[in-house]
Structures are given as C-alpha cells and as structure tokens.
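Secondary and tertiary structure notes
Next come the chains, spelled out residue by residue.
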Amino acid sequence: MKNYKLAVVGATGLVGRKVIEILEEYGLPISQVDFYASRRSAGTEFFFNGKQCLVKELKESSFDEKYDFAIFSAGSDISKKFAPIAASKGCIVVDNSSAFRMDPEVPLVVPEVNPEEIKNNKGIIANPNCST
C-alpha cells in the first residue's frame, strides 16, 4: 500500500484539531503530514503520532511540496484562494468549507451516501459541512 503525503490546512482551529485527532486514531498510511495555518498561528507546536510537529504558515508556495491530499478546514476565503493552487499541483483537496458546495464542477460527497462521486473530482471535493 502506498504511503501518502498529506497537508492539513487550518490545523490549529477546532475542526483542524479534530481532523488531526481522527488521523491519529485511524493510523492511515501517511509518509508525511504537514500542518498549515495563518501567520498568527504558525509556529504552534503539538504532538502527532508521538512526534513533535510545527505548524507552518500557509502560503501560495506551500503546495510546491507535491502533496497527494490536503484537508482544508480554514474557512471559505482560504479555500477559494488556496484549494485551486493545491489542485493545480496535483493535490486532491477535501474542503470542509462552504466555498465549493454549490459549484457544479466540484462533487459534493457524503461517504455514506454517494462515495462514487469522489471519482468525479477535478482536484477538489466538497462535503456538506465540517462535521461530515
């Protein structure tokens, strides 16, 4: 099984922290995970899978790292700006904001209802809300 490179955008927010908790719980095949937030939250340190991690400032160049996937939980303005940049670099974005929910080009996916729609993505996948 391939190990994936993952970015978590909005890592210091309530939803971002829950995403990180779930990632730890499920032990997914991740070879590298990087955590991003605003300039104000950059530098925050926490533990992930027993290792100390540093939150980086989200920049347009952040996705030059060639991530396989990114989970965005930083609000619609951030998603509108940075999700297309990530997707243009070959990263598949799962967006928790409202930015793309009504976009006919972006599949709105609820895994228990329409998981097959994941295949129809052009780099960005929306979900109905952050609790999904």
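Everything below is about the structure printed above this text.
Residues numbered from 1 in each chain as written. Predicted model: local features only at pLDDT ≥ 70, side-chain atom pairs only at ≥ 80, totals over all residues. Heavy atoms only, no water.

**So, the environment of Ser76**
To keep things clear, this is the line we draw: In DSSP terms, a helix is any run of H or I states spanning at least four residues, a strand is any run of E spanning at least two, and both are numbered starting from the N terminus. Here's how the labels work: a residue is buried when its accessible area is under 20% of the maximum for its type, exposed when over 50%, partly exposed in between, all with a 1.4 Å probe on protein chains only. Contact criterion: two residues are considered in contact whenever any of their non-hydrogen atoms come within 4.5 Å of each other.
Topologically, Ser76 is positioned in helix α2 (residues 76-88). For Ser76, a relative accessible area of 23% corresponds to the partly exposed category. Ser76 sits 20 residues away from Asn96 along the chain, and the two C-alpha atoms are 8.5 Å apart. In this structure, Ser76 is in contact with Ser97, Ser98 and Ala99, ignoring residues within four places of it in sequence.

**Examining the pairing of strand β2 (residues 30-37)**
Condition: Strands were regarded as paired on the criterion that DSSP finds at least two bridges between them. When the strands point away from the viewer, a crossover counts as right-handed if the path from the first strand over the helix to the second runs clockwise.
Relative to β2, strand β1 (residues 4-9) runs parallel, the two sharing 6 bridges. Pairing of Val8 across the sheet is with Phe35, part of β2. Tracing the backbone out of β1, into helix α1 (residues 14-26) and back to the parallel element β2 gives a crossover that is right-handed.

**Description of a nonpolar patch on the surface**
Our working definition: Surface patches are defined over residues having more than 30% relative accessible area and no salt bridge, joining like charges when they lie within 9 Å and nonpolar side chains (Val, Leu, Ile, Met, Phe, Trp, Tyr) when within 5 Å. All accessibility values rest on the Shrake-Rupley procedure with a 1.4 Å probe; residue burial counts only the protein chains present in the view. Basic side-chain nitrogens of Lys or Arg form a salt bridge, by our definition, when they fall within 4 Å of a carboxyl oxygen of Asp or Glu.
A cluster of nonpolar residues, Ile22, Tyr26 and Leu28, forms a patch on the protein surface that exposes about 310 Å² of accessible area. With respect to the element layout, Leu28 can be found in the loop between α1 and β2.

**Some words on the pattern of salt bridges**
Using the criterion set out here, one finds 7 salt bridges in the structure. Lys122 is the partner of Glu105 in a salt bridge, and the nearest nitrogen-oxygen pair spans 2.3 Å. One end of the pair, Glu105, is in the loop between β7 (92-95) and β8 (124-126); the other, Lys122, is in the loop between β7 and β8, and 17 residues separate them in sequence. A residue is classified by how much of its surface remains accessible, and Glu105, at 45% relative accessible area, is partly exposed.

**Describing the environment of Phe100**
The residue Phe100 is located in the loop between β7 and β8 in this model. The contacts of Phe100, once residues within four sequence positions are left out, are Ser79, Lys80, Ala83, Pro84, Asp95, Val106, Ile124 and Ala126.

**Quick word on the side chain of Ser73**
We count it as follows: Distance and chemistry together define a polar contact, namely a pair of N or O atoms within 3.5 Å, with one atom able to donate a hydrogen and the other to accept it when in protein, and with adjacent residues in sequence counting only for side-chain atoms on both sides.
Topologically, Ser73 is positioned in the loop between β6 (69-72) and α2. Classification of Ser73 by relative accessible area gives buried; the value is 16%. A distance of 2.6 Å separates a polar atom in the side chain of Ser73 from a polar atom in the side chain of Asn96. For Ser73, the contacting residues outside a window of four places in its chain are Val9, Gly10, Val15, Gly16, Val19 and Asn96.

**Looking at the nonpolar core**
Stated formally: The set of buried Ala, Val, Leu, Ile, Met, Phe, Trp, Tyr and Cys residues whose side-chain atoms join them within 4.5 Å is what this entry labels a nonpolar core.
Counting 20 residues, the largest nonpolar core has Phe63, Ala70, Phe72, Val93, Phe100 and Ile124 as its most contacted members. Elements supplying a minimum of two residues to this core: β1, β6, α2 and β8. Here the element with the most residues in this core is α2; it accounts for 5 residues. In this structure Ala70 touches Leu6, Ala7, Phe63, Cys91, Ile92, Val93 and Val94, once residues within four positions along its chain are discounted. In terms of nonpolar packing, the next biggest core, distinct from the first, is built from 14 residues, Val8, Val33, Phe35 and Ile71 among them.

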